[in-house]
Amino acid sequence: SERAALVFTDIQGSTATWEACPGGMKEGLQVHNQAIRDCIAGHNGHEVKTIGDSFMVAFESASDAVWFGLSVQERLVRCMWPEELLDLDYCAWQADGPWCGLRVRIGIHCGEVEVQLNTLTGRYDYFGSTVNKAARVEGACVGGA
């Protein structure tokens with residue numbers, strides 16, 4: 001086993017957004033994915049996998065993971081979101097804070113992990129309680145906060 005900081009991200013309310021605005025969500029997902037991947041590269045991260053609109057990312061240090069999370073939120077505020085998305089109440093500019101676009105929850109946990117090579121994909125995957133805790137932290141978060 002080894003130590004790692006694991007991060008899970010997820011777009012808050014994505015199912016409802018797909019139903020309300022499929023065209024805007026399709027374009028918005030591309031904007032989101034590019035922002036996440038740019039931030040992964042900028043903070044020494046490793047994209048473990050994606051599932052739908054969620055990312056699992058590994059970092060060697062907790063500080064890289066935290067800086068990644070902050071940079072994602074800052075980057076998402078500055079993204080050029082499709083107008084169709086911004087017409088939705090929960091994606092529009094908010095009076096209570098500088099936010100617009102898709103809201104992303106980010107959970108981080110650092111600890112011991114088991115690392116295994118997936119022989120089908122040639123990529124590494126991570127297992128253990130650190131993974132589970134990072135996923136639970138993400139699930140308890142509020143997107144954009």
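Everything here concerns the structure above.
Residues numbered from 1 in each chain as written. Predicted model: local features only at pLDDT ≥ 70, side-chain atom pairs only at ≥ 80, totals over all residues. Heavy atoms only, no water.

> Report on unusual backbone geometry, specifying residues and quantitative values.
Unusually for a residue other than glycine, Asn44 sits at a positive phi of about 60°. Summarising the element assignment, Asn44 is placed in the loop between helix 2 (22-42) and strand 2 (46-51). (Helix = DSSP H or I, 4+ residues; strand = E, 2+ residues; numbered from the N terminus.)

> Could you give me a rundown of the side chain of His43, with the residues and numbers involved?
Structurally, His43 can be placed in the loop between helix 2 and strand 2. Among residues more than four places away in sequence, those in contact with His43 are Phe59, Asp64, Trp67, Phe68 and Ser71. (Contact = heavy atoms within 4.5 Å.)

> Residue-level account of the sheet that holds strand 2, with values.
Within the open sheet, the 5 strands sit side by side as 2-3-1-4-5. Their pairing is antiparallel. Looking at the sheet topology across the chains shown, the edges are occupied by strand 2 and strand 5 (123-127). This sheet shows a mean twist of 40° between the axes of neighbouring strands, independent of strand direction. Pairing of strand 1 (residues 2-11) with strand 4 (residues 104-118), which is carried by 10 bridges, proceeds in the antiparallel orientation. Bridging across to strand 4, Ile11 finds its partner in Val104. Sitting on the sheet, helix 3 (residues 62-78) is in contact with strand 1, strand 3 (54-59) and strand 4, with an inclination near 135° to strand 4. Against the sheet, helix 5 (residues 129-140) engages strand 1, strand 3, strand 4 and strand 5, with an angle of about 165° to strand 4. (Pairing = 2+ DSSP bridges. Axes fitted to C-alpha atoms, helices over the stretch in contact; angles between N-to-C directions.)

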